[in-house]
Structure formats: structure tokens, C-alpha cells
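One letter stands for each residue in the lines below.
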Amino acid sequence: GYIFIFIAGLFNDVINGFPMGLSSLCYLLLCLVAAYLRNITLRPNLIKDWIFFLITILFLNFITFFYLVLFFAHEINYFDRIINIIFTFLLYFIFSYLFRIYDNIIIGKFN
């Protein structure tokens, strides 16, 4: 549920040294965007979801950047941020494929 996602964000903040609640806010916003996309989509399409996910993580990284720099004067390593965005974007596609295979295996066992 959303409470576990919030707690995971708190752990992420502690590990990365971010202000408490920043990652939780971003994680919850990502969940809200994903729930919205799921509700408006009639036929899921991996490529459209992938592009929508890219726009969402770019927006959430902008929010994180904005708060860290403007309010907390936190130094940001831009190279690490860019690598993080690229790998998150690519891993979405890979994990989507792996979960589809896993789902087919589980459905095959119950049918």
C-alpha cells in the first residue's frame, strides 16, 4: 500500500542524506500518476506507458532538484542524476518484459 511506499521513501532519504519526506513525496506522486494512467487507459501499450513514465520521472527529478537546491542548498551531482534517469527508464522496459513472462507462467499454472 501507500504507507509502505511512504516508509520506503523515508529509508531512501536516510540512506541518501536527503531531507526527510522528499523521496516519499516523489514516490507517492509516482504512484498517483501510475494510478491515473491505469484508470484512463483502455488498452495498455508498453511504449506509451514507457514514454509517460519518462515524462513522470523527469518531472519528479525536477521537483527533487528544485527542493534540494532552492530550499536546502544541497549539492547535486548532475552526472549521477542523469545516469539514474537513464537506467530507471531502461529498466522499466526490461522489468515489464520479465514481469510479463512471470505473469504468463503463473497464469499457466492455475489454468
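Whatever comes next refers back to the structure up there.
Residues numbered from 1 in each chain as written. Predicted model: local features only at pLDDT ≥ 70, side-chain atom pairs only at ≥ 80, totals over all residues. Heavy atoms only, no water.

Student: Can you walk me through helix α4 (residues 78-110) in this structure?
Tutor: Each α-helix winds once per 3.6 residues, and so residues spaced three or four apart point in a common direction. Here α4 contains 33 residues, and its C-alpha end-to-end distance of 47 Å stays within 8% of the 48 Å for a straight helix at 1.5 Å per residue. For α4, the N-terminal capping position is held by N77, with its side-chain oxygen 3.2 Å away from the main-chain nitrogen of F79. (Helix = DSSP H or I, 4+ residues; strand = E, 2+ residues; numbered from the N terminus. Expected span 1.5 Å × (residues − 1). Polar contact = N/O pair within 3.5 Å; in protein donor to acceptor, adjacent residues only side chain to side chain.)

Student: Any chance you could explain the environment of L68 here in plain terms?
Tutor: Examined against the element boundaries, L68 turns out to sit in helix α3 (residues 46-71). Judged by its relative accessible area of 0%, L68 falls in the buried class. Taking the C-alpha atoms as reference points, L68 and F18, 50 residues apart in sequence, are found 7.9 Å from one another. (Buried < 20%, exposed > 50% of the residue type's maximum accessible area, 1.4 Å probe, protein only.)

Student: Help me out: how do you make sense of the state of the cysteines in this one?
Tutor: Here, disulfide denotes a covalent bond that connects the sulfur atoms of two cysteines. Applying the stated rule across the entire model yields 0 disulfides. The structure places no disulfide on C26, whose sulfur is separated from the nearest cysteine sulfur, that of C31, by 11 Å. (Disulfide = S-S within 2.5 Å.)

Student: Help me understand the packing of α3 against α4, please; the structure alone is not making it clear to me.
Tutor: As a packed pair, α3 and α4 sit with axes 11 Å apart at the nearest point and diverge in direction by 150°. For the element pair α3 / α4, the angle class is roughly antiparallel. Once α3 is placed against α4, the crossing between them reads as right-handed. Here L46, I47, D49, W50, F53, L54, I57, L58, N61, T64, F65 and L68 of α3 come into contact with α4, specifically with Y78, R81, I85, T88, F89, L90, Y92, F93, S96 and R100. In terms of residue class, the contact of α3 with α4 is built from 15 nonpolar, 4 polar and 3 charged. (Axes fitted to C-alpha atoms, helices over the stretch in contact; angles between N-to-C directions. Parallel < 35°, antiparallel > 145°, perpendicular 65-115°, else oblique. Left-handed = near helix turned anticlockwise from the far one by under 90°. Contact = heavy atoms within 4.5 Å. Nonpolar A, V, L, I, M, F, W, Y, C, P; charged D, E, K, R; others polar.)

Student: Is there a simple way to think about the packing of aromatic side chains in this case?
Tutor: How two aromatic rings sit relative to each other is set out by the distance from centre to centre and by the angle between their planes. Per the stated rule, a full pass over the model turns up 9 aromatic pairs. When the ring of W50 is compared with that of F93, the centres are 4.9 Å apart and the planes differ by 35°; the resulting orientation is tilted. You can see W50 sitting in helix α3 and its partner F93 sitting in helix α4, a full 43 residues away along the chain. Aromatic ring contacts, followed pair by pair, group F62, F66, Y67 and F71 into a single cluster. (Phe/Tyr/Trp six-rings, centres within 6.5 Å; stacked < 30°, edge-to-face > 60°.)

Student: Looking at this structure, I do not really get the side chain of T64. What am I missing?
Tutor: Looking at the element boundaries, T64 is found in helix α3. A relative accessible area of 7% means that T64 is categorised as buried. Side-chain polar atoms of T64 contact the backbone oxygen of L60, separated by 3.0 Å. Contact partners of T64, with chain neighbours within four places excluded, come to L22, C26 and R81.

Student: Would you mind showing me how to read helix α1 (residues 2-16) here?
Tutor: An ideal rise of 1.5 Å per residue puts 21 Å on 15 residues; α1 measures up with 21 Å between its terminal C-alpha atoms. Trailing α1 by a residue or two, G17 shows a phi angle of about 80°, which is positive.

Student: Would you explain the nonpolar core in this entry?
Tutor: Side chains of nonpolar character tend, in soluble globular proteins, to be buried together. Within the largest apolar cluster, 5 residues are counted, these being W50, F53, I57, I85 and F89. Among the elements of the structure, α3 and α4 are those that each provide at least two residues to this core. Ranked by residues supplied to this core, first place goes to α3 with 3 residues. (Core = buried A, V, L, I, M, F, W, Y, C linked by side-chain atoms within 4.5 Å.)

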